[in-house]
Amino acid sequence: MSIRPILIHPDPRLKKLCAPIATVDAEVRKLADDMLATMYDAPGVGLAGPQVGILSRIFVMDCVKDHDAAADPVVMLNPEITWTSDETNVYEEGCLSIPDQYAEVTRPKEVRMRWLGLDGQLHEEQYDGLWATCAQHELDHLNGKLFIDYLGPLKRQMITRKMEKLKRGLARDKGNA
Ligand code: GNR
Ligand code: NI
């Protein structure tokens, strides 16, 4: 299991439509393992392929907040939303690719997801609360969409400028290492 570097916005790879996963093979299982390790290390509650530079329709999530509770890692391949509630929910969202920036996003409160599991079987489950928000946030990543795309242009531009500045600093630090 290895921790992979997380891409920081703006990056063209975070804006791409990701391709479906054709077969569940050893490479996909290794990728899922690495993504879970990377997510828990960050720490975050979700991580999508493009965030580690893999433009495939895969994401991982674990929204168990209670540190004493058992972990509940979920790996979704080729995920689809098959139903959304009319009722919406506002969540203060963040993203590992947009560090330390948070904003309220309105989304359906509940979603029904269908996906291919690492077991090669189709799964379907309904999610609520942070799980539902996270699943939608991750699915957006597979379609090249970030939570800041739901904000007004001014807020989005302010965050993007901060991230450009952060990346310039990181590049400079790397050069001086
Ligand atoms: O760790 C994360 N927290 C989070 C909080 C509210 C809504 C969505 C998320 S997902 C985020 C990790 C991430 O960037 N996944 O793509
Ligand atoms: Ni994200």
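Computed from a predicted model, the values in this text were never measured in an experiment.

1. Here we look at the coordination of the nickel ion (ligand 2)
Line of reasoning, step 1. Coordination of the nickel ion (ligand 2) by the protein comes from C95 (SG), H137 (NE2) and H141 (NE2), over a distance range of 2.1 to 2.4 Å.
Line of reasoning, step 2. The sequence pattern describing where the donors of the nickel ion (ligand 2) fall on their chain is C-x41-H-x3-H. Separated by 42 residues along the polypeptide, C95 in strand β4 (residues 88–95) and H137 in helix α2 (residues 129–142) bring together distant segments of the chain.
Line of reasoning, step 3. What makes H137 buried here is its relative accessible area of 8%.

2. Some points on the nonpolar core
Across soluble globular proteins, you tend to see nonpolar side chains buried next to one another.
Line of reasoning, step 1. Counting 18 residues, the largest nonpolar core has F59, M61, V74, M76, M113 and Y127 as its most contacted members.
Line of reasoning, step 2. If you tally residues by element for this core, the top one is α2, at seven residues.
Line of reasoning, step 3. In contact with V74, not counting residues within four places along its chain, are F59, V60, M61, W115, Y127 and W131.
Line of reasoning, step 4. Within the second largest apolar cluster, 14 residues are counted, among which are L31, L47, V60 and L116.

3. Some details on the pattern of salt bridges
Line of reasoning, step 1. In total, this model carries eight salt bridges according to the counting rule given.
Line of reasoning, step 2. Close ionic contact of R107 with D140 constitutes a salt bridge, the shortest N to O distance being 3.0 Å. Here R107 is found in strand β5 (residues 98–108), whereas its partner D140 is found in helix α2, with 33 residues between them in sequence. The two residues R107 and D140 agree in class, both being buried.
Line of reasoning, step 3. In this structure, R114 and E124 form a salt bridge, with 3.4 Å as the shortest nitrogen-oxygen distance. With a gap of 10 residues between them, R114 in strand β6 (residues 111–116) and E124 in strand β7 (residues 122–127) connect regions that are remote in the sequence.
Line of reasoning, step 4. Residue R114 is classed as partly exposed on the basis of its relative accessible area, which comes to 32%.
Line of reasoning, step 5. Taking the relative accessible area as the measure of exposure, E124 reaches 35% and is therefore partly exposed.
Line of reasoning, step 6. Three or more residues are tied together by salt bridges with common partners; here these are R4, K30 and D34.

4. Focus on helix α1 (residues 26–41)
Line of reasoning, step 1. Compared with the 22 Å implied by 1.5 Å per residue over 16 residues, the 22 Å span of α1 between its first and last C-alpha is a close match.
Line of reasoning, step 2. Residues V28, L31, A32, D34, M35, L36, A37, T38 and M39 constitute the buried set of α1.
Line of reasoning, step 3. Along its buried surface, α1 packs onto β1 (46–48), β2 (58–61) and β3 (74–84).

5. Some words on the site of ligand 1
Line of reasoning, step 1. Inspection of the region around ligand 1 gives 13 residues, with V45, Q51, L96, E138 and H141 positioned closest.
Line of reasoning, step 2. A distance of 3.2 Å separates an oxygen atom of ligand 1 from a polar side-chain atom of H137.
Line of reasoning, step 3. H141 is positioned with one of its side-chain polar atoms (N or O) 2.9 Å from an oxygen atom of ligand 1.
Line of reasoning, step 4. In isolation ligand 1 has 380 Å² of accessible area, and contact with the protein removes 90% of it.
Line of reasoning, step 5. Put simply, the parts of the chain that give the shell around ligand 1 at least two residues each are β4 and α2.
Line of reasoning, step 6. A breakdown of the residues in the shell around ligand 1 according to their chemical character gives three nonpolar, seven polar and three charged.

The rules behind each value
Residues numbered from 1 in each chain as written. Chains lettered and ligands numbered in written order. Predicted model: local features only at pLDDT ≥ 70, side-chain atom pairs only at ≥ 80, totals over all residues. Heavy atoms only, no water. Donors = N, O, S within 2.8 Å, 3.2 Å for Na, K, Ca; no water. Helix = DSSP H or I, 4+ residues; strand = E, 2+ residues; numbered from the N terminus. Buried < 20%, exposed > 50% of the residue type's maximum accessible area, 1.4 Å probe, protein only. Core = buried A, V, L, I, M, F, W, Y, C linked by side-chain atoms within 4.5 Å. Contact = heavy atoms within 4.5 Å. Salt bridge = Lys/Arg side-chain N within 4 Å of Asp/Glu carboxyl O. Expected span 1.5 Å × (residues − 1). Near = heavy atom within 4 Å. Polar contact = N/O pair within 3.5 Å; in protein donor to acceptor, adjacent residues only side chain to side chain. Areas by Shrake-Rupley, 256 points an atom, 1.4 Å probe, with all protein chains shown as cover. Nonpolar A, V, L, I, M, F, W, Y, C, P; charged D, E, K, R; others polar.

By themselves, these are just geometric observations and shouldn't be taken as functional.
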